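# Report on the structure
Listed here are the chains, written in short residue letters.
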Amino acid sequence: KSDINFLASMEAIPATYRNQISMGLPTEVKAEDITLVGGLNFEKGKIALKTENYTENEAVKALIKKQMESFGKANNTFVKYFPSSTLMFFNVGVKGEGLYNLLSENKEFRNTVSIAKADEVKELFGTFQKDIAMGLINFTMNNAPTFLMYASVKSAAPVQLLYEKKSELGLKRGDDILKLGENEYVYKSKELNLFFGVRNNSLYATNDEMLYKSIDKAVNPSIKDTEFASNIKGKNSAFVINAEAILALPIVKMLSEYGGTQYATAFALVDKIAYVEAVGDPNNNADMVIQLKDKNVNALKQIVNFIKEFAGI
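Let us look at the structure shown here.

## Some points on the pattern of salt bridges
Evaluated as defined, the whole model comprises eight salt bridges. Across the pair K46 and E43 runs a salt bridge, and its minimum N-O distance is 3.8 Å.

Rendered as structure tokens:
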């Protein structure tokens, strides 16, 4: 009943690329047996896309089931630590032991992880539980993009192991990992300082010192206060692009004003979008929404009106 229905078969992808996708997977798992079925709708104020995977291959079904056992519903544990102006946000619910079991099915992973270290790696994966959240906080011409990451963990083993094994990481001359406090460290190099550690069973990482000093402190307003916060709660995974926050960046404003007609047109089009979000549910289905600022007019009509305006019709 969608405005546009479609299917996309992996069989249509050239064999070279299919083989890359299937690399390391059991031979009975064939990418060409997977079909993506979807529907696109133009609704009031938004464009909505729904997709689901379809297959009759029992091996593929078993693999998808294992994938679902590796991920769980996200609890939005960390949204209060990310400002509402976060440019891009990713949140996923993880079951560490299930994820390790899934990866252990992959030949490439098994070849990379030696038998001697298998138990150690399994224990490391097992410390991760529930939410992992990552956000792109800021972007400027002068510095590397600012990011923030949190993950729920059972212990501080991941960061302790990283510090203890730093001599095995092949660090470049001048690079080092220094201890700042109990389970708190910084990786220092010429390019960046990466602060990471564990507080209150939360692993964190950021390349911004001000964010490091505010770790484990709620911000106001945060993503918790945004319109899309309720849409991502309880989903296995969610990815959000905050179009309004991106357009508010000084560098983007400068490009729209001085970059010429093409930049001005692109800015005017994106300026109609509030945010873009993609979420995955426990059944391995996905929904994507382009939420427009004008919620009262059908999205397709808004697109047509935009084209007419710039075409001078």
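Here the narrative resumes.
## Some remarks on the packing of helix α2 (residues 58-70) against helix α3 (residues 96-103)
Packed helix pairs are characterised by how far apart their axes lie and by the angle those axes make with each other. Interhelical geometry of α2 versus α3 gives an angle of 150 degrees and a closest axis separation of 7 Å. With respect to α3, the element α2 is oriented roughly antiparallel. When α2 is examined against α3, the residues L63, K66, Q67, E69 and S70 are found in contact with a partner set consisting of G98, L99 and L102. Its residues assigned to classes, the contact of α2 with α3 shows three nonpolar, three polar and two charged.

## A few points about unusual backbone geometry
Residue P221 follows N220 across a cis peptide bond; omega there is 0 degrees. Within the element layout of this structure, P221 appears in the loop between α7 (209-213) and α8 (229-232). Here the phi dihedral of K130 falls at roughly 65 degrees; this positive angle occurs in a residue that is not glycine. Within the secondary structure, K130 sits in strand β6 (residues 128-138). Residue K130 is classed as partly exposed on the basis of its relative accessible area of 48%. Backbone geometry places D216, a non-glycine residue, at a positive phi of 70 degrees. On the secondary structure map, D216 appears in the loop between α7 and α8. Using a relative accessible area of 22% as the deciding quantity, one classes D216 as partly exposed.

## A short note on the packing of aromatic side chains
Two aromatic rings are characterised by how far apart their centres lie and by the angle between their planes. Taken as a whole and assessed by the stated rule, the structure comprises ten aromatic pairs. Taken together, a centroid distance of 4.7 Å and an interplanar angle of 10 degrees make the contact between F195 and Y212 stacked. Taken together, the residues F195 in strand β10 (residues 193-199) and Y212 in helix α7 connect sequence positions 17 residues apart. Ring geometry for Y204 against Y212: centres 6.3 Å apart, planes inclined by 35 degrees, an arrangement best described as tilted. Each member of the pair, Y204 as well as Y212, carries the same accessibility label: buried. Each member of the aromatic cluster is reached from another via a ring pair, and the members are F78, Y81, F82, F89 and Y150.

## A closer look at a nonpolar patch on the surface
On the surface, M254, L255, Y258 and Y263 cluster together to form a nonpolar patch covering roughly 460 Å² of accessible area. Top element by residues in the nonpolar patch is helix α10 (residues 250-258). It accounts for three residues. Turning to its location among the elements, L255 is positioned in helix α10.

Thresholds applied
- Residues numbered from 1 in each chain as written.
- Predicted model: local features only at pLDDT ≥ 70, side-chain atom pairs only at ≥ 80, totals over all residues.
- Heavy atoms only, no water.
- Salt bridge = Lys/Arg side-chain N within 4 Å of Asp/Glu carboxyl O.
- Axes fitted to C-alpha atoms, helices over the stretch in contact; angles between N-to-C directions.
- Helix = DSSP H or I, 4+ residues; strand = E, 2+ residues; numbered from the N terminus.
- Parallel < 35°, antiparallel > 145°, perpendicular 65-115°, else oblique.
- Contact = heavy atoms within 4.5 Å.
- Nonpolar A, V, L, I, M, F, W, Y, C, P; charged D, E, K, R; others polar.
- Buried < 20%, exposed > 50% of the residue type's maximum accessible area, 1.4 Å probe, protein only.
- Phe/Tyr/Trp six-rings, centres within 6.5 Å; stacked < 30°, edge-to-face > 60°.
- Patch = residues over 30% accessible without salt bridge, like charges linked within 9 Å, V, L, I, M, F, W, Y side chains within 5 Å.
- Areas by Shrake-Rupley, 256 points an atom, 1.4 Å probe, with all protein chains shown as cover.

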